[in-house]
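# Chains, contacts and geometry: an overview
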Amino acid sequence: MPQPQVELLFWDGCPSHPQALEDLRAAMADIGLDPDTVLVREVDTDQRAERERFLGSPTIRVDGEDVDPPPGGEPVGLTCRIYRLRDGRFSPTPDPGVVRDALSNALTRSAP
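A brief report on the enclosed structure follows. Quick caveat, the model's predicted, so the values are computed rather than measured.

Calculation notes
Residues numbered from 1 in each chain as written. Predicted model: local features only at pLDDT ≥ 70, side-chain atom pairs only at ≥ 80, totals over all residues. Heavy atoms only, no water. Core = buried A, V, L, I, M, F, W, Y, C linked by side-chain atoms within 4.5 Å. Buried < 20%, exposed > 50% of the residue type's maximum accessible area, 1.4 Å probe, protein only. Helix = DSSP H or I, 4+ residues; strand = E, 2+ residues; numbered from the N terminus. Contact = heavy atoms within 4.5 Å. 1 Å grid on protein atoms, 1.4 Å probe; cavity = no way out; pocket = protein on both sides within 12 Å on 5 of 7 lines; lining within 4 Å. Points joined across faces, edges and corners; volume = space filled by probe spheres on them. Pairing = 2+ DSSP bridges. Axes fitted to C-alpha atoms, helices over the stretch in contact; angles between N-to-C directions.

### Notes on the nonpolar core
What tends to happen in soluble globular proteins is that the nonpolar side chains get buried as a cluster. The biggest cluster of nonpolar side chains holds 18 residues, and the ones touching the most others in it are L8, L24, M28, V38, V99 and L103. Mapped onto this core, the elements with two or more residues apiece are β1 (6-10), α1 (17-30), β3 (59-62) and α3 (96-110). Discounting residues that sit within four places of it in the chain, L103 has contacts with V6, L24, A27, M28, I31, L33 and V62.

### Digging into empty space enclosed by the protein
Inspection of the entire model under this criterion finds one cavity of 30 Å³ or more. Taken as a whole, the largest cavity encloses approximately 40 Å³ of empty space. Lining the largest cavity are A20, D23, L24, I60, T93, P94, P96 and V99. For the lining of the largest cavity, the element with the highest residue contribution is α1, accounting for three residues.

### Here we look at the environment of E22
As for its position among the elements, E22 is in helix α1. Linking E22 and Y83, residues 61 residues apart in sequence, is a C-alpha distance of 16 Å.

### Overview of the sheet that holds strand β4 (residues 65-66)
Sheet architecture is open: four strands sit in the order β2-β1-β3-β4, paired in mixed fashion. A strand with exactly one partner marks an edge of an open sheet, and here the two such strands are β2 (39-42) and β4. Relative to β4, β3 runs antiparallel, the two being bridged by two bridges. In the strand pairing of β4, V62 is matched with E65. Together, β1, β2 and β3 form the strand contacts of α1, whose direction differs from that of β1 by roughly 170°.

If you want it as structure tokens, here you go:
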């Protein structure tokens, strides 16, 4: 089974990326993926944020797709991202269930 490409993009101005990385690696291990394959990349300039379509820190992508895409029209840039959890609360990291679902969907898409 091919492993999906999993990325965590962050801006050092936000303190939430270590927790997001820990949660992401746990979700990967839970479904049998190698958690050490996460590509962690810092977005440190406005130009890079524009090029990467960076919606804020942390951003997690699986096979190039945001795991929790915001409504359309969100600006890109060096900012801290806020996620809405499934229970309605707000969080500086994505809902773990949303991350697991995105990883599972990527596995389903790549299955023969």
